[in-house]
Every structure is written in structure tokens, then in C-alpha cells.
Amino acid sequence: MGRHSRGAALTRGRRRVIAVVLASVVVAQVAAGVVVVRERRGPSVGAGVDAQRGPANSTAAASARRVALEERAGAVRRLLDDRARAVLTRNRSLFLAGIDPAASAFRLRQGKVFDALAQVPVGSWVYELDADRESPYIESFLGYYQAETWVPQVVLRYQLKGFDDQPTAAAHFFTFVRRGDVWRIGNDDDFPGVPNLATDRELWDFGPVEVVQNRRALVLGRRGRRPLLVQIARLVEAAEPRVTGVWGADWARRVVVLVPETQAELGTLIDEGNDLSQIAAVAVAQLGAGDGGPRTVGNRIIVNPPNFARLSPLGRQVVLQHEITHVAARDATGGASPTWLVEGFADYVGYLGSRVSTRSAARELRADVQAGRGPTSLPGDEEFRGTSPRLAQSYEMSWLAARLIAERTSAADLVRFYRQVGTAVGERDVVLRQAFRDVLATTPESFTAAWVAYLRQQLG
């Protein structure tokens with residue numbers, strides 16, 4: 001089956017969106033974990049220009065232009081409001097009424113998207129238009145419409161009922177087309193390959209979505225995978241008490257899992273250009289506003305079905321338990337958090353209750369230790385990249401580092417250590433040294449020496 005590495009990382013996209021990526025890499029019998037740093041584009045148009053800018057030959061001409069632009073913005077806002085209302089009220093005719101009659105292929109695709117949303121528990125669905133921001137060079141690409149076109153900034157904000165406390169955001173690059181006095185949508189993909197002009201895709205953009213839900217899990221998957229969706233929902237429900245038992249109850253304790261059909265769909269959903277062939281699951285989030293400051297929203301765990309299917313039932317449990325740990329700890333995972341701590345802690349929780357032997361879970365590292373090639377320092381962030389030749393060993397080292405902390409002190413101290421490091425502001429080395437001193441009554445150097453000895457004891 002597979003051993004999975006997973007992880008969490010802070011990245012910034014066009015809207016300075018935090019995206020947490022939890023990647024599961026298939027490498028052995030059950031599971032461990034890895035954090036991947038990547039960019040995910042957020043909903044913004046990049047370099048914008050004032051939509052009202054233009055030649056003003058006279059005060060009257062400038063005034064007339066402002067009125068025309070305001071009328072255009074008002075018409076498009078009404079169009080987007082109708083589209084949102086159509087989703088919420090399941091009005092297919094209203095949804096398709098906003099499509100350009102000449103855009104037959106786009107109309108067909110949009111009908112499929114609407115139908116795919118039928119089972120999705122949408123709690124809110126709102127389009128936000130920023131009429132003052134648009135690309136300065138778009139018009140030259142859209143002559144084939146033979147009509148006036150407009151591509152302003154549009155952000156979709158939606159919530160999944162019962163699971164999203166705040167809306168998640170998605171950038172939409174609609175081409176609005178004027179036919180006579182009426183504005184409609186001609187496409188949402190007129191700029192393939194152009195940076196910052198790609199519409200964010202969701203699971204329902206690829207086909208019909210089936211839904212399985214219980215108290216702790218909302219699992220959305222492509223139609224025809226219901227047995228897998230049911231199993232994932234049950235595994236999440238079983239994993240949540242174990243995660244909460246270690247981390248505490250100060251997280252949502254509800255998890256959304258997406259199950260795409262193919263690895264290509266997974267790559268599109270997470271906007272990831274790297275090799276995903278070893279990825280079994282990822283989790284992403286955005287940064288939203290909350291009481292007392294920013295907080296992560298739109299938390300999603302996304303499964304890569306071909307690799308997830310290779311796991312034993314135990315392996316699947318460990319993978320999801322690890323991923324849920326990242327979701328729970330996300331708001332306490334900051335810039336000073338080293339990857340070995342983030343991954344090691346998630347693996348520590350992931351393996352709880354699994355009865356997996358140390359030698360089985362750390363097979364690659366054990367081979368190194370027995371061959372005299374054991375590590376002398378904790379792995380750096382760069383050693384958790386998907387292209388690292390010692391990726392498995394990095395996760396195994398991290399797991400045993402977290403387990404050593406829990407064994408020498410307690411699981412509660414491991415959590416305290418994680419929280420102090422993740423919520424502190426300052427240089428990583430300074431933050432870590434202080435946390436080692438305050439929580440563990442040691443130094444990074446002493447801990448590393450104890451960890452090296454621990455590896456030899458456990459794996460030698």
C-alpha cells in the first residue's frame with residue numbers, strides 16, 4: 001500500500017491568500033506526512049487600471065462617459081445577482097439567461113456546471129464586482145465577439161452549509177458581452193495560459209457532484225464514487241475525536257473533503273504545477289477576516305483517488321487523521337514553524353491508535369541508521385520538497401522528533417511547544433530557542449543530540 005507524507009505551508013497568491021497544502025506522498029506501508037510550499041492564485045486581476053480613465057475632451061464628454069460606465073456596471077451587477085439567485089433557488093433557466101446567445105459552447109458547459117451543483121449544500125453564493133479594475137490590454141484579445149466586451153474583476157464568495165463559517169473566495173474572469181442594450185456572459189476562459197487571468201475551478205466545474213455527509217464530514221466527489229465517499233466520511237468521523245483529544249476543541253471539528261476524478265483535476269483544483277504522481281491528499285485554505293484578526297477559511301482536504309485507493313484501510317485512516325490534524329492546527333501554524341515540527345506533529349497524531357511499529361513506519365530511515373548514514377541534524381524545509389530524494393526519511397525524522405518530545409515530556413507539552421512556535425512573531429531561530437527553553441527546558445542543540453541518540457535506539 002502506501003506510506004504518505006503530508007504537510008502544511010503558508011503561501012501568498014494574488015490576493016495575499018494563505019494556502020495551506022497538505023501533501024500525502026505514497027512511499028510505504030501506511031502513512032506519515034509533508035508540508036509543501038506553493039502559490040495558489042487568489043481572486044484578483046493583478047495590475048489594474050481605472051475603468052473610468054479615458055480621453056476627456058470636455059466636461060460634458062467626461063460626464064457622459066461616467067454615466068455610461070455606471071450604467072454598464074449596474075447592468076453587470078444585476079446580471080451577477082440573477083446568476084447567484086439562480087444557484088440558490090435552483091433556477092436553471094435564470095442561470096442560463098445570463099449567457100451570450102452566440103456562445104453556444106459556453107452555454108452548454110454552464111448548463112453542466114449548474115446541474116453538477118444539484119446536490120451541493122450551498123449556504124451562500126455572492127458575486128462581487130469591482131468595476132474600477134480591469135486588465136489594460138484585454139480588449140485587443142476579444143475582437144472575435146464583434147461586440148463591446150468587458151472583463152472586470154469578479155470574485156465569487158460562497159459557503160457550504162453547515163461547514164463553512166465564512167465564505168471562501170474564487171476569482172472569476174468573465175467576459176461580459178454587450179448585445180444591443182443587454183450585457184451577458186460570453187466566456188470565463190478567454191485567456192488560457194495568461195498569468196493572473198484564469199478563473200479558479202471548483203469540483204463541480206468537472207462534472208456531476210455526489211455528496212455524503214455526517215456530523216463531522218462533508219465529502220463531495222464525482223458521481224459514481226459513492227462507496228469511497230461513504231468510507232471517507234466514516235474515517236473522518238472516527239479521526240476527529242483523536243485529533244481533538246490531542247489538539248483540543250478550539251477548531252471547527254468539521255471537515256470538507258473533495259474527491260476529484262483524476263490527478264489532472266486535482267492539479268487544477270489546487271493550481272499546482274508540480275508533479276503530483278506521489279500525492280495522495282492535499283488540503284488548502286484561504287486567509288479571511290475573523291474576530292480578533294485574520295483566520296483561515298475555506299478549509300478543504302482533497303483526495304487523489306488513484307493513490308488513495310492503493311492504501312489499506314489502516315493507511316487511509318492514518319492519512320486522513322494526519323490531514324485533519326493540519327486543519328485543526330492551521331491557525332496556530334505560522335512563519336516561524338519549521339516543517340519538521342508541522343509534519344512531525346501531524347504524524348504523531350496520525351499514528352495514534354494505529355499500532356503501527358516504529359520499524360515499519362520508519363523503514364527508509366531505519367535502513368540509513370543501520371548503514372551508518374543516520375542524520376545528525378533535523379531536516380530543513382527544503383528537504384520536504386516533492387523532488388527531494390530523501391523525502392520519506394525527512395518525514396520519518398520529523399515524526400520521531402515529535403514523538404520524542406511527547407515521550408520525554410507529554411503530548412500536552414508537544415502541543416504547547418507547537419502553539420508557542422506557531423503563534424510567535426520573530427526570527428525562527430530565536431522563536432524556536434525560546435520555545436525549547438520555555439516549554440521543554442532544553443536547547444535546540446541538546447534536543448538534537450537526544451534525538452540522534454533516540455533514532456539509534458529505536459532503529460538501530
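How each quantity is defined
- Residues numbered from 1 in each chain as written.
- Predicted model: local features only at pLDDT ≥ 70, side-chain atom pairs only at ≥ 80, totals over all residues.
- Heavy atoms only, no water.
- Helix = DSSP H or I, 4+ residues; strand = E, 2+ residues; numbered from the N terminus.
- Buried < 20%, exposed > 50% of the residue type's maximum accessible area, 1.4 Å probe, protein only.
- Pairing = 2+ DSSP bridges.
- Axes fitted to C-alpha atoms, helices over the stretch in contact; angles between N-to-C directions.
- Contact = heavy atoms within 4.5 Å.
- Core = buried A, V, L, I, M, F, W, Y, C linked by side-chain atoms within 4.5 Å.
- 1 Å grid on protein atoms, 1.4 Å probe; cavity = no way out; pocket = protein on both sides within 12 Å on 5 of 7 lines; lining within 4 Å.
- Points joined across faces, edges and corners; volume = space filled by probe spheres on them.
- Nonpolar A, V, L, I, M, F, W, Y, C, P; charged D, E, K, R; others polar.
- Salt bridge = Lys/Arg side-chain N within 4 Å of Asp/Glu carboxyl O.
- Parallel < 35°, antiparallel > 145°, perpendicular 65-115°, else oblique.
- pLDDT = per-residue confidence, 0-100.
- Phe/Tyr/Trp six-rings, centres within 6.5 Å; stacked < 30°, edge-to-face > 60°.
- Expected span 1.5 Å × (residues − 1).
- Arc of directions from axis to C-beta.

> Hey, could you run me through the overall build of the protein in this one?
Check the secondary structure of the protein and you find 14 helices and 15 strands. Considering the protein as a whole, with its 460 residues, one finds that 57% of them fall into the buried category.

> Hey, could you run me through the sheet that holds strand E5 (residues 122-134) in this one?
Backbone hydrogen bonds hold the strands of a sheet together, and the pairing may be parallel or antiparallel. Here three strands make up an open sheet; going across it, the order is E5-E7-E8 and the pairing antiparallel. Each edge of the sheet is formed by a strand with only one pairing partner; in this case those strands are E5 and strand E8 (168-172). Ignoring which end each strand starts from, the neighbouring axes of this sheet average 25 degrees apart. Sheet strands in contact with helix H1 (residues 59-89) are E5 and strand E7 (152-160), and its direction is about 165 degrees off that of E5.

> Even after reading the chapter, I still don't get the nonpolar core, so can you show me in this structure?
As a rule of thumb, soluble globular proteins bury nonpolar side chains together. If you look at the biggest cluster of nonpolar residues, it comprises 72 residues, and the most contacted ones within it are Ile-232, Phe-417 and Trp-451. Ignoring sequence-local partners within four residues, the contact set of Phe-417 consists of Trp-340, Leu-341, Ile-405, Leu-432, Ala-435, Phe-436, Val-439 and Leu-440. Ala-73, Leu-117, Leu-129 and Leu-220 belong to the second largest nonpolar core, which has 49 residues in total.

> Help me understand empty space enclosed by the protein in this model?
Summary: where empty space remains is shown by rolling a probe the size of a single water molecule over the atoms. Evaluated as defined, the whole model comprises two cavities of 30 Å³ or more. Roughly 130 Å³ of volume is contained in the largest cavity. Along the wall of the largest cavity there are 18 residues; nearest its centre are Arg-83, Val-113, His-172, Trp-204 and Asp-205. Looking at the lining of the largest cavity, the elements with two or more residues in it are helix H3 (104-116), E5 and E8. Of the residues contributing to the lining of the largest cavity, the split by class is nine nonpolar, three polar and six charged.

> Quick question: what am I supposed to make of the pattern of salt bridges here?
Opposite charge on two side chains lets them pair, provided their charged atoms get close. Tallied over the full model, the rule gives 24 salt bridges. Between Arg-222 and Glu-265 there is a salt bridge whose closest N-O contact spans 2.4 Å. One end of the pair, Arg-222, is in strand E12 (residues 217-222); the other, Glu-265, is in helix H5 (residues 263-270), and 43 residues separate them in sequence. You'll find Arg-222 and Glu-265 in the same group, each marked buried. In this structure, a network of salt bridges that share partners links the residues Glu-148, Arg-178 and Asp-181.

> What's the story with the packing of helix H11 (residues 391-408) against helix H14 (residues 444-459) in this structure? I'm lost.
In helix packing, the relevant descriptors are the interaxial angle and the interaxial distance, both defined with respect to the helix axes. With their axes 10 Å apart at the nearest point, H11 and H14 run at an angle of 105 degrees to one another. When the axes of H11 and H14 are compared, the pair comes out roughly perpendicular. Within the contact between the two elements, H11 uses Met-397, Leu-400, Ala-401, Arg-403, Leu-404, Ile-405, Glu-407 and Arg-408 and H14 uses Phe-447, Ala-450, Trp-451, Tyr-454, Leu-455, Gln-458 and Leu-459. Residue composition of the contact of H11 with H14, by class: 11 nonpolar, one polar and three charged.

> Quick question: what am I supposed to make of the confidence of the model for the protein here?
When pLDDT drops low, the exact placement of atoms in the prediction is not to be read closely. The predicted model of the protein has a mean per-residue pLDDT of 86, with 84% of residues at 70 or higher. Low pLDDT, under 50, characterises residues 1-56; the stretch is placed with 263 contacts to residues that sit more than four places away or in other chains.

> I would appreciate a short explanation of the packing of aromatic side chains in the present structure.
Each aromatic ring pair is summarised here by two numbers: the centre-to-centre distance and the angle between the ring planes. Counted by the stated rule, this structure contains 17 aromatic pairs. Ring geometry for Tyr-144 versus Tyr-145: centroids 4.9 Å apart, planes at 35 degrees, classification tilted. In this structure Tyr-144 comes out as exposed when scored by relative accessible area, which is 51%. Aromatic side chains Tyr-158 and Trp-204 sit 5.5 Å apart centroid to centroid with 75 degrees between the ring planes, which places their arrangement in the edge-to-face category. One end of the pair, Tyr-158, is in strand E7; the other, Trp-204, is in the loop between strand E10 (182-187) and strand E11 (209-213), and 46 residues separate them in sequence. One exposure class covers both Tyr-158 and Trp-204, and it is buried.

> Before we go on, may I ask you to explain H11 in this structure?
One turn of the α-helix equals 3.6 residues, which is why residues spaced by three or four share an orientation. Spanning 18 residues, H11 covers 26 Å between terminal C-alpha atoms, matching the ideal 26 Å at 1.5 Å per step. Taken across its 18 residues, H11 has 16 buried, putting it largely inside the fold.

> Is there a simple way to think about helix H10 (residues 363-370) in this case?
If you check which residues of H10 are buried, you get Glu-364, Leu-365, Asp-368 and Val-369. Looking straight down H10, one finds that the buried residues subtend no more than 135 degrees of arc, so they occupy a single side. Looking at the buried residues of H10, the elements they touch are H11 and H14.

> Whenever I open this one, the sheet that holds E10 confuses me. Can you help?
With antiparallel pairing, three strands are arranged side by side in an open sheet as E6-E9-E10. Unpaired on one side and paired on the other, strand E6 (148-150) and E10 mark the two borders of the sheet. Taking each pair of neighbouring strands and ignoring which way they run, the sheet shows an average axis angle of 35 degrees. The pairing of strand E9 (residues 175-179) with E10 spans five bridges and is antiparallel. The partner of Val-177 across the bridge, within E10, is Arg-184. Along the sheet, H1 makes contact with E6, E9 and E10, crossing E10 at roughly 60 degrees.

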